[in-house]
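Report on the structure
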Amino acid sequence: DATLPRILGGTTDCTSAPGACVLGLLRLEESGAVTVHAVPLGFGDGPPPPEEYVGPVEGFYAAPDPVPAWAPGTLVRYQRIPDLNVAGATAYRIMYVSRSLQEQPIVVTGTSLVPPGAAPPGGRRLLGMAHGMTGIADQCAPSKFPGITEVVLTGEFVQAGYLVSMTDFEGL
């Protein structure tokens, strides 16, 4: 699927170009500074390509057992969200590997918007978003209902070519 690498802003052939696909992660430090981490997603020697999930929404959130011990940011699965239209972007539910507070591998879900057209040379700029508090139960995960979240307000960024990503946070 050539769309997946467009999400990541890299090459359309991640299997033959290890390290060419990169996922940007943002971390808010206690000082208030934002640290940007680029996690290479080279599929040649590492984890397999992510699964394109096509089942019912609820099944998307089933964590793999065991949770893969891959590098944080590695995409596990994705699902297209056909009924979410923000400035013509292709919308996806995503599941990726992260680490718990105890440094154990966990999976986290979220929503990503990919602007129309090919990624520019060097990839896309990334707008990482955090949602407002919506609850603490799994059924409150914003990616389950992205049409009523802050992600719908990002049309100007999508039009400017930004990839938009909003995490559900650990435990949602």
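In what follows, the structure referred to is the one given above.
This report concerns the structure included in the present document. Source: prediction; values computed, not measured.

Among the structural elements, R93 can be located in strand β5 (residues 90-99). For R93, a relative accessible area of 5% gives the class buried. The spatial distance from the C-alpha of R93 to the C-alpha of Y61 is 9.6 Å, given a sequence separation of 32 residues. Leaving out residues up to four positions away in the same chain, R93 has contacts with V57, F60, Y61, R77, Y78, Q79, I81, G110, S143, K144 and P146. From its side chain, R93 meets the backbone oxygen of S143 in a polar contact 2.9 Å long.

Before going further, it helps to examine the pattern of salt bridges. Enumeration according to the criterion identifies 2 salt bridges in this entry. Residue R77 pairs with E51 through a salt bridge whose shortest N-O separation is 3.2 Å. Of this pair, R77 sits in strand β4 (residues 75-80) while E51 sits in strand β3 (residues 51-52), placing them 26 residues apart in sequence. The partly exposed category is assigned to E51, whose relative accessible area is 37%. With a shortest N-O distance of 3.1 Å, E58 and K144 are connected by a salt bridge. Of this pair, E58 sits in helix α2 (residues 57-60) while K144 sits in the loop between β7 (126-130) and α3 (155-159); the two residues are 86 residues apart in sequence, bridging distant segments of the chain.

Mapping S165 onto the fold places it in strand β8 (residues 163-167). Beyond its immediate sequence surroundings of up to four residues, S165 is in contact with I94, T111, S112, L126, L127, G128 and M129.

Among the 5 residues that make up β8, 5 are buried, leaving the element largely enclosed by the rest of the structure. Side chains of β8 alternate between two faces, with L163, S165 and T167 and V164 and M166 buried alike. Where strand β6 (residues 105-114) meets β8, 4 bridges bridge the pair, whose relative direction is antiparallel. Considered in β8, the bridge of G110 is made with T167. In the sheet, β7 pairs with β8 via 5 bridges, with the strands oriented parallel. Considered in β8, the bridge of A130 is made with T167.

This part is about the packing of aromatic side chains. Both the distance between ring centres and the angle between the ring planes are used here to describe each pair of aromatic rings. For the coordinates displayed, the defined rule picks out 4 aromatic pairs. Judged by centre distance (5.3 Å) and plane angle (80°), the ring pair of F60 and Y61 falls under edge-to-face. With relative accessibility at 0%, the residue F60 sits in the buried group. Note on Y61: relative accessible area 15%, which makes it buried. A ring pair is formed by Y78 and Y92, whose centres lie 5.8 Å apart and whose planes are at 65°; its orientation type is edge-to-face. Taken together, the residues span a long stretch of sequence, with Y78 in strand β4 and Y92 in strand β5 at a distance of 14 residues. Ring-pair connections join several aromatic residues into one group, and the members of that group are Y53, F60 and Y61. The lysine or arginine in question, R77, covers the ring of F60, its NZ or CZ lying 6.0 Å from the ring centre. When the ring centre of Y61 is taken as reference, the NZ or CZ atom of K144 above it lies at 4.9 Å.

Cut-offs used in this document
- Residues numbered from 1 in each chain as written.
- Predicted model: local features only at pLDDT ≥ 70, side-chain atom pairs only at ≥ 80, totals over all residues.
- Heavy atoms only, no water.
- Helix = DSSP H or I, 4+ residues; strand = E, 2+ residues; numbered from the N terminus.
- Buried < 20%, exposed > 50% of the residue type's maximum accessible area, 1.4 Å probe, protein only.
- Contact = heavy atoms within 4.5 Å.
- Polar contact = N/O pair within 3.5 Å; in protein donor to acceptor, adjacent residues only side chain to side chain.
- Salt bridge = Lys/Arg side-chain N within 4 Å of Asp/Glu carboxyl O.
- Pairing = 2+ DSSP bridges.
- Phe/Tyr/Trp six-rings, centres within 6.5 Å; stacked < 30°, edge-to-face > 60°.
- Lys NZ or Arg CZ within 6 Å of the ring centre and 35° of its normal.

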